[in-house]
Every structure is written in C-alpha cells, then in structure tokens.
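Architecture and fold: a report
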Amino acid sequence: MLQTRRCGELSEADDDTEQTLCGWLQETRNLGGIAFLQLRDSTGIAQLTLPKKKVGEDNFKVWTAIARESTLRVTGMVKANQEAPNGLELVPTELEVLNAAATPLPLGVVDRIESEIETRLNARYLDLRRPEVAAFFRIRAAISGAVHDHLRREGFLEVQTPKIIASATEGGTALFPVQYFDREAYLAQSPQLYKQVLMSGGLDRVYEVGPAFRAEEHNTPRHLNEFISIDIEMSWADDDDVMGVMERLVATCAESVSLEAEALTALEMAPLEVELPLPRITYDEAIEIASAKADIAWGDDLSMEATRAIAEQYGGFYFITKWPLALKPFYIQPEGEKHSRGFDFMFREVEMTSGGQRVHDVTLLEQRLREQGLDPAKFGPYLEPFRYGMPPHGGWGLGLDRLAMVFSGAQNVRECVLFPRDRNRLTP
C-alpha cells in the first residue's frame, strides 16, 4: 500500500508501530538539532519529528529544504508526544518526495494574508487545500446527498432532461446559443417544460439535479451563468403541496449539514436551524410590510430594499405567496383575476427560488400565452400533451449553489462552486 494511515487517522493504538503516511508538506520548523515538519492531507495534520542525530545529517539537510506544498511519502515509527497534533508524532526512517512544488507558490495555503477571490479561483488547485475552503464542499456534498435521499423517500423518481434545446420556449431569460450541426440550438435554462410533459406521461413525481444555463449579464455575489438546479414536479398537487415538499427538504438539508461538525468548525459557523412549518405570507401582506420602508406599490416586483424590510420580521426561510398574475410566467395557475398560485421562497432578504401550481387546462394555457405577448402556434410540442389529459400539477427549481451558500454562511456563491462560470470567467 502507498500508505498505511491517513494523517488525521493516527491514534493511540498506533504508538510504537511503523506507519506510512502521504500528504503535502505544510510547514517546516528547523531548530538546528531538531526539526518539525507538518504533513497534511484531507483528514488532518501529522507531525514529523526529525532529530538530526537520529535521521542523519545528510537526510536532515535535504528533508528540511523541501519546498512547502510538495507531496511526500513518509515511513517511520509513531511515538506519543502530547505537544504534537493528536498527541502523536512520526519519526521518519524513509522520506520520499513524490512531487516537488515549484516556488514561489501562486497562492499561500496556510499564510495569514487573505487573497482576493479572483486570485484564489485562478489557483483553485491550491485554494482547495485550505480546510476552510474544502469545508464549503463538504457542506455542499451533505446537502446534495440529503436532497436525493429526501426526495426518494417522498416518492420522487430521478430523471434527466435535455440540456440542448431547439428554441427559447420558456421566455423571460436570455439563453446561450450553440452550434448544433447545421442549425442553432440553445443551452437549457431549466427543465421546466420537460417536467410538465412528464406529468402527462404519468410519472407523477419527478426530480432532477443538473446544470442550467442563463445568459444574464449579472455581476453579483449571488448569480452565476452556469449553476446546478434541484427541480421537482408533482401531479395531483397545488402550490401548498409543493411548498410542503420544499420546506421538508430544506429541513432535511439542515439536519444533514448539522452533522458536518468539522466543516462547520473550519468555517466558524453554527448549524442553521430550520423549524417547520415555515412562515407563509401573501404578496399583499409583503407589500404592506415593505411599503413602510420602501417606495413600492401593489403590482411592483419586490426590490432588495423591500425584501430587507420584510426580512426584519422574517429572519430565516419563508414563503411569499399569491403573487400578482402579471409578475409570473404564463404557466403559473391564476387565482382569481389578479393573483396567481405562484410563490417565492426566501432566505432573509434574498430570493432563493420561485415555483407554484401550473396551468393544466390547454385553453387557459393558450390564453395565458397570448396575454404575455406569446404566440401559441410556436409552442406546439409543449402544448400537445396538454390536449390529452394533463393532471393538475406544480413544482419548483432551487439552486444547489445558493442553498450551499446559505448553509455554509458564504458571502459569495463562488465560494461554493468548484469552478464557477460567470460573465467574466471561463477558466479554469
């Protein structure tokens, strides 16, 4: 075996045994007659103790000159030492440099000087070696795993829908064009319309976790042009039903993240608590609250100023329901003449996502398209399933990246994405 233990796995049971470790050289402290090297892997840090008389002068000279962040394989005896990490040290008998790191490093891994996020993203391979950065992805993985487990428990079937589409049928968002053989196609902004087709097919509870693309020229800490979307659609359901799925899912994610103690400690973050049921306020109530501190009238979209005012009363997750019909997409079910069965899911002042009950009657759907200045004739493949027994249904799409941002306390969504894509970044 290349290694017999990982650095953070050494225990009292290993005292006076020979072990082999692999990792990155984090730091060297040379005191002349003895030196201490810190070897790091994803599980923790092990101390290598080099007494010059024991390891030999030549080895001592070579081993203490190794560049930081070089990868090493070390074999030696484990000894108890209360001053070392985990109360143990390893005295090397063999030390092999597997790959020497060039100097200077483009990014400090353990340096106290904080680098700008753009510098860090350019050297992501080094940035990820920092425990507090890796912690974002441990939390993200916990959320992703909880999503799959929870939705399957609730009877949802995982599906995958196309990401190359023929036309921008959903409207409202700019799409990325791609050359598809001899014609132009687009990268999908969401699986929305395909999810609805599946409701007609009898797959009455489906979910998808996959990429989505939006060609919006945002430049904010919350927006990306490629992101991972968690989408559900369910038949025989209204807006209340799908909000229930949302809040139960988020509560499950909170429980899963709370178990990531090491990651939360690295981020100096307490677990985020989610108590059910989550608050639900109507758009009309939201306007009344916001109008005390923001210049806003009924029928306006909610500005950040408005949602900040609302967040003063609702500090965690909550829903804003019964939005004006004119502010929602054509596929959202009306409720009366002015309102809809669409909702926004919020965290403090930030919109996490939107969803709602869908229009399932084809005549009403054609009417809604015309009301929004769209030609039903251009929506033939989408409308066809609605003519043959489409059940009432609803759903939503929630960004995994933004959810990870909330649960990790990140100030920028790019912290929670390995290789983010925004209007300026296409590499690495």
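No experiment lies behind these values; they were computed from the predicted model shown.

Thresholds applied
- Residues numbered from 1 in each chain as written.
- Predicted model: local features only at pLDDT ≥ 70, side-chain atom pairs only at ≥ 80, totals over all residues.
- Heavy atoms only, no water.
- Helix = DSSP H or I, 4+ residues; strand = E, 2+ residues; numbered from the N terminus.
- Buried < 20%, exposed > 50% of the residue type's maximum accessible area, 1.4 Å probe, protein only.
- Phe/Tyr/Trp six-rings, centres within 6.5 Å; stacked < 30°, edge-to-face > 60°.
- Lys NZ or Arg CZ within 6 Å of the ring centre and 35° of its normal.
- Patch = residues over 30% accessible without salt bridge, like charges linked within 9 Å, V, L, I, M, F, W, Y side chains within 5 Å.
- Areas by Shrake-Rupley, 256 points an atom, 1.4 Å probe, with all protein chains shown as cover.
- Salt bridge = Lys/Arg side-chain N within 4 Å of Asp/Glu carboxyl O.
- Lys, Arg positive; Asp, Glu negative; His and termini not counted.
- Charge placed at Lys NZ, Arg CZ, Asp CG, Glu CD.
- Expected span 1.5 Å × (residues − 1).
- Polar contact = N/O pair within 3.5 Å; in protein donor to acceptor, adjacent residues only side chain to side chain.
- Pairing = 2+ DSSP bridges.
- Core = buried A, V, L, I, M, F, W, Y, C linked by side-chain atoms within 4.5 Å.
- Contact = heavy atoms within 4.5 Å.

A few words on the environment of serine 11. Summarising the element assignment, serine 11 is placed in the segment before strand S1 (18–30). On the basis of relative accessible area, serine 11 is assigned to the partly exposed category, the value being 32%. The sequence separation of serine 11 and leucine 121 amounts to 110 residues, and the corresponding C-alpha distance is 35 Å.

Where two aromatic rings form a pair, the distance of their centres and the angle of their planes describe that pair. In the structure shown here, the tally under the stated rule is 13 aromatic pairs. Ring geometry for tyrosine 180 and phenylalanine 181: centres 5.1 Å apart, planes at 80°, overall edge-to-face. Both rings, one in phenylalanine 330 and one in phenylalanine 379, keep their centres 5.5 Å apart while their planes meet at 75°; by these two values the pair is edge-to-face. Here phenylalanine 330, found in the loop between strand S13 (317–321) and strand S14 (334–335), pairs with phenylalanine 379, found in the loop between helix H11 (362–371) and helix H12 (380–383); they are 49 residues apart in sequence, far enough to count as distant. The buried category is assigned to phenylalanine 379, whose relative accessible area is 6%. Linked through ring pairs, Phe317, Phe319, Phe343, Phe345, Phe347 and Phe407 together constitute an aromatic cluster. Directly above the aromatic system of phenylalanine 319 lies the positively charged group of arginine 280, at a separation of 5.5 Å from the ring centroid.

Once that is clear, we can look at a nonpolar patch on the surface. Taken together, the side chains of Ile164, Tyr180 and Phe181 present a nonpolar region at the surface, about 340 Å² in accessible area. Inspection of the secondary structure assignment puts phenylalanine 181 in the loop between strand S8 (177–180) and strand S9 (183–187).

Among the surface-exposed residues, Asp295, Asp300, Asp301, Glu305 and Glu351 lie close enough to one another that they form a single negatively charged patch. Relative to the assigned elements, glutamate 351 resides in strand S17 (residues 350–357). Accessibility expressed as a relative area gives 38% for glutamate 351, which makes it partly exposed.

Over its 20 residues, helix H7 (residues 239–258) runs 29 Å from end to end, which matches the ideal 28 Å to within 8%, given 1.5 Å per residue. Counting buried positions along H7 yields 15 of 20 residues, so the element is predominantly enclosed. Measuring from the side-chain oxygen of the N-cap residue of H7 to the backbone nitrogen of aspartate 240 gives 3.1 Å; that N-cap residue is aspartate 238.

We now examine the sheet that holds S8. Ordered by their spatial adjacency, three strands build an open sheet running S7-S9-S8, and the pairing between neighbours is antiparallel. Every other strand in the sheet has two partners, leaving strand S7 (164–165) and S8 as the edge strands with one partner each. The sheet contact formed by S7 and S9 spans two bridges and is antiparallel. Residue pairing for S9: isoleucine 164 is matched across the bridge by leucine 187.

Turning our attention to the environment of glycine 397. One can find glycine 397 in strand S18 (residues 393–399). Separated by 156 residues in sequence, glycine 397 and aspartate 241 have C-alpha atoms that sit 15 Å apart.

Turning our eyes to something else, we now look at the side chain of arginine 368. Position of arginine 368 relative to the elements: it lies in helix H11. Separated by 3.2 Å, the side chain of arginine 368 and the backbone oxygen of proline 329 make a polar contact.

Both strand S2 (residues 34–41) and strand S3 (residues 44–51) contribute to a ladder of eight bridges, which runs antiparallel. Within S3, the residue paired with alanine 35 across the bridge is leucine 50. A loop of two residues connects S2 with S3, the two strands running antiparallel in sequence. As paired strands, S3 and strand S5 (residues 88–99) are joined by two bridges and run parallel to one another. In the sheet register, glutamine 47 faces S5, and the bridge partner there is glutamate 89.

Right, let's get into the nonpolar core. By size, the foremost hydrophobic cluster in this structure holds 50 residues, and its most contacted members are Ile143, Leu151, Phe317, Phe345, Trp396 and Phe407. At the level of elements, helix H5 (131–153), strand S11 (226–235), H7, helix H8 (261–266), S13, strand S16 (342–347), S18 and helix H13 (400–408) are the ones that each hand at least two residues to this core. In terms of residue count, H7 provides more of this core than any other element does, 10 residues in total. Once residues lying within four places of it in the same chain are set aside, the contact partners of leucine 151 are Phe156, Tyr207, Ile230, Ile232, Val245 and Leu249. Core analysis: the second largest hydrophobic core is formed by 20 residues, Leu10, Leu25, Leu37 and Leu72 among them.

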